[in-house]
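Examination of the molecular architecture
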Amino acid sequence: MDIFTSALPALLDAFSMILQPQQIMFLITGVLLGLSVGVFPGLGGIAGLSLVLPFIYGMDPVSGLSLMVGLVAVVPTSDTFTSVLMGIPGSSASQATVLDGFPLAKKGEAARALSAAFASSLFGGLLGAGFLTFFILIARPIVLAFGLPEMLMITMLGLSMVAILAGRIPFKGVAAACMGLLVGTIGEADAGGSLRMATYNIPYLTDGLDLVIIGMGIFAIPEIISLLRQDRAIAQDGKLGSGWLQGVRDWWENIWLSIRCSLIGVTVGVIPGLGGSVVDWIAYGHTVQTTTDKSGFGSGEIRGVIGPESSNNAKEGGGLVPTLIFGIPGSGSMAIFLGGMALLGYEAGPQLITNNLAITYTTVWSLALANVVGAGLCIALSPAIARLTTISFTLLAPFVFMMITFAAFQSRQSLGDLVALFAVGLLGILLRRFDWSRPAFLIGFVLSNQAENYSFQAFQIARHKFRIGTGIGLEYIFSPIVLVLIVITVVSIVVGIRQAKSIMSEGDVPVGRKRAPMIFLICVTVYFVISYFNAAAITIQTDRIFPVTISFVAIVACLALIIRMIRAPETDIVFADREASGEDADAPHGFWRTMAWFATLLVLSSLFGFIIALAVFLVTFLRVRAQCSWLKTLILTVSGIALISFMAGALHRDFPPGLLQAFVQLPWPLGGI
């Protein structure tokens, strides 16, 4: 009866809200941004959401949700372009698509592979949205039984899954998640106001680090630097060939495979920590196992495209289940999505589907509609996007740097944003190089405040109940739901450790020498030790317990890794290092020289202000690094400055000021607004 009295009216209200012209416009904008981001390998939904996060503050909630969901929904569709056209996974969710999609493109059947992929993605996305709709209906009465101990335990379950399932070495995942948790504690504690890993000598750190900085630094900058070092176009040939209708027919002939793989995607998406890193491989393995003639796989079998592409879009609907219902991000992009919801004034969790069911269903309808719009635009824009991938990334990189710097500054309107972005970006590069799970770090950061607050509040209530009676206290802590979650957590850890060797969340990273991975591990361990003693020195117990506990767990994980490194040969996967061999090692441009370009833009911005610095940076980069003619350099520079000025003016945003602006009053956009 509750379905008819509250759920169905909320569903209809959400449907009417999302069909408003303004919301449709923001949805299409998000889809177009997702298409743009998905074309660049490695960026994905995390980087895209990080870029738009500063601009959604103050937006209408439905418009903001439409923008974010449109972007998230279409990235698993658009990242197919690079997987098929060049054999480079657009994201971790499209790795398996490369195995048969790229051989099809080399045979001149790129259009067939792309259309089959888009049809599969559309179906998987719609099935994921349908599952999310149904699950919310049955979940409403269940989540009302979740109190603080239950929410704390489900947070721990999510963290354990993320940590264990985030890479080939579980201890690396645990340490990365702990690092994210500790970085999330930097600044003033919520309970007692104690400063942790921060001082009043650096006022910027007293408020901690913002999600925008963390998202772009950990994910966007490492991939951009890696692509820029290669100094080549994403794809060499933009020709698609024929076979658009044949690809759709291929999908229809394998509809039951698409259904099964979509269900696999939904199931994997529901489990925090798995997400895009393994869903395509599970679906691909199922596709191979259920095909009688397996000889064609790896050389251009269309079923090898349909299976993974059906699953990677369906996982977005599944990933929203723990995100919306319990506030536990199912993946890195869902972690950023939670931050976006907070900026819009909504906190995901049981209270969202209890008090704001219409907003919840707005997300569902946006997801379904975004998949339809995204698939249609992918097909319509395929020729243009295919040609875009032939542009050298050297021409695109300075404008990506421009957007990232501008977006980062909107975090707090402080030059400290730029310093923090560079520092976190450097950390992200090192995590990527040595195969430490970046999704585990990000999700740990997002859940840090939530986990600490649940711990503090549950501790306070439990202490009061134990004063009344031991039985009452134990009953509060060890409720039936908590006991079930404890069992699930233990089982997931055991199973995850056994399966960890086959999970490659960052792809197949080559093994290097002992020295560099060992030095990085020692530096990380030192940070954990400093964090432990810093927290232990805090006089307020409630502010001390959480960082001390997390630091201790992290130190134990690092010591286990150090022991393994001492005993293991150099061929062990614990010594993963992208600079040992492969694209990063063979890149024509060195890491520090490439990173210096980005640092130059930040330094110039702090001295002369963003627009003057941007003009100098673009002219220098395009002439020296991209070797463009003076005419092309001037046209691109003026275009870039005009674009960023238009965005700032339309959104009423400031540019980073420099020392020059403190002494000279300059007109906008050279000065402030």
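Just so you know, these numbers come straight off a predicted model, no measurement behind them.

Reading the values: the criteria
- Here, residues in each chain are numbered from 1, in the same order as that chain's written sequence.
- Two thresholds apply to this predicted model, a pLDDT of at least 70 for residue-level local features and 80 or more for giving and counting side-chain atom pairs, whereas whole-chain, interface and lining totals are computed over all residues.
- Hydrogens and water are ignored here; the side-chain numbers use all heavy atoms of the structure.
- With axes taken as lines fitted to C-alpha atoms, and helix axes fitted only over the stretch in contact, angles between N-to-C directions fall between 0 and 180 degrees.
- Here a strand is any run of E in DSSP of at least two residues, a helix any run of H or I of at least four, and the numbering for each starts at the N terminus.
- Crossing handedness is defined as follows: a turn of the near helix away from the far one that is anticlockwise and smaller than a right angle gives a left-handed crossing, while the clockwise case is right-handed.
- Any two residues whose heavy atoms approach within 4.5 Å are treated as being in contact.
- Residue classes follow a fixed rule: Ala, Val, Leu, Ile, Met, Phe, Trp, Tyr, Cys and Pro count as nonpolar, while Asp, Glu, Lys and Arg count as charged, and any other residue, Gly among them, counts as polar.
- Just so you know how the angles are binned, under 35 degrees is roughly parallel, over 145 roughly antiparallel, 65 to 115 roughly perpendicular, and the rest oblique.
- Joining through side-chain atoms within 4.5 Å is the link that ties buried Ala, Val, Leu, Ile, Met, Phe, Trp, Tyr and Cys residues into a set, and such a set is a nonpolar core.
- Only protein chains enter the area calculation, which uses a 1.4 Å probe; residues under 20% of their type maximum are buried, those over 50% are exposed, and those in between are partly exposed.
- This arc is taken over the directions from the axis of the helix to the C-beta atoms.
- Stacked, edge-to-face and tilted are the three classes for Phe, Tyr and Trp ring pairs, Trp counted by its six-membered ring, which pair at centre distances within 6.5 Å; planes under 30 degrees apart are stacked, over 60 edge-to-face, the rest tilted.

Here's the deal with the packing of helix α13 (residues 255–270) against helix α15 (residues 303–326)
At their nearest, the axes of α13 and α15 sit 6 Å apart, and the two run at 35 degrees to each other. In the packing of α13 onto α15, the handedness of the crossing is right-handed. Counted together, Leu257, Ser258, Cys261, Ser262, Gly265, Val266, Gly269 and Val270 of α13 and Arg303, Ile306, Gly307, Ser310, Ser311, Ala314, Lys315, Gly318, Gly319, Val321 and Pro322 of α15 form the full contact between these two elements. Class assignment of the residues belonging to the contact of α13 with α15 gives a composition of eight nonpolar, nine polar and two charged.

Quick notes on the packing of helix α19 (residues 393–409) against helix α27 (residues 591–608)
The relative placement of two packed helices is expressed as an angle between their axes plus a distance between the axes. Two elements in contact, α19 and α27, have axes separated by 11 Å at closest approach and are oriented at 45 degrees. The orientation of α19 with respect to α27, classified from their angle, is oblique. Remark: the crossing between α19 and α27 carries right-handed chirality. Within the contact between the two elements, α19 uses Phe401, Met402 and Thr405 and α27 uses Phe598, Leu601 and Leu602. By residue class, the composition of the contact of α19 with α27 is five nonpolar, one polar and no charged.

Focus: the nonpolar core
One recurring pattern in soluble globular proteins: nonpolar side chains tend to sit buried together. One finds Ile214, Phe337, Trp436, Phe528 and Ile644 to be the most contacted residues of the largest nonpolar core, which totals 172 residues. Among the elements that take part in this core, helix α11 (residues 211–230) stands out by supplying 13 residues, more than any other.

Structural notes on helix α12 (residues 244–253)
Inspection of α12 places Gly247, Asp250 and Trp251 among the buried residues, and these make up the whole buried set. Projected down its long axis, α12 carries its buried residues within an arc of 100 degrees, all on one side. Residues of α12 that are exposed and point more than 90 degrees away from the buried face comprise Leu245, Trp252 and Glu253.

Thoughts on helix α6 (residues 97–106)
In terms of burial, α6 is a largely internal element, seven of the 10 residues being buried. Within α6, burial applies to Thr97, Val98, Asp100, Gly101, Pro103, Leu104 and Ala105. Directly beyond the C-terminal end of α6, a positive phi value near 85 degrees is found at Gly108.

Thoughts on the packing of aromatic side chains
Summed over all chains, the structure comprises 15 aromatic pairs. Between the aromatic rings of Trp436 and Phe520, the centroid separation amounts to 5.5 Å while the plane-to-plane angle is 90 degrees, which identifies the pairing as edge-to-face. With a gap of 84 residues between them, Trp436 in the loop between α20 (415–433) and α21 (438–468) and Phe520 in helix α24 (residues 515–536) connect regions that are remote in the sequence. The buried category is assigned to Phe520, whose relative accessible area is 7%. Here a set of aromatic residues connected by ring pairs shows up, and it is made of Phe401, Phe422, Trp597, Phe598, Phe617 and Phe621.

Note that every value here comes from positions in space, so none of it alone points to a role or purpose.
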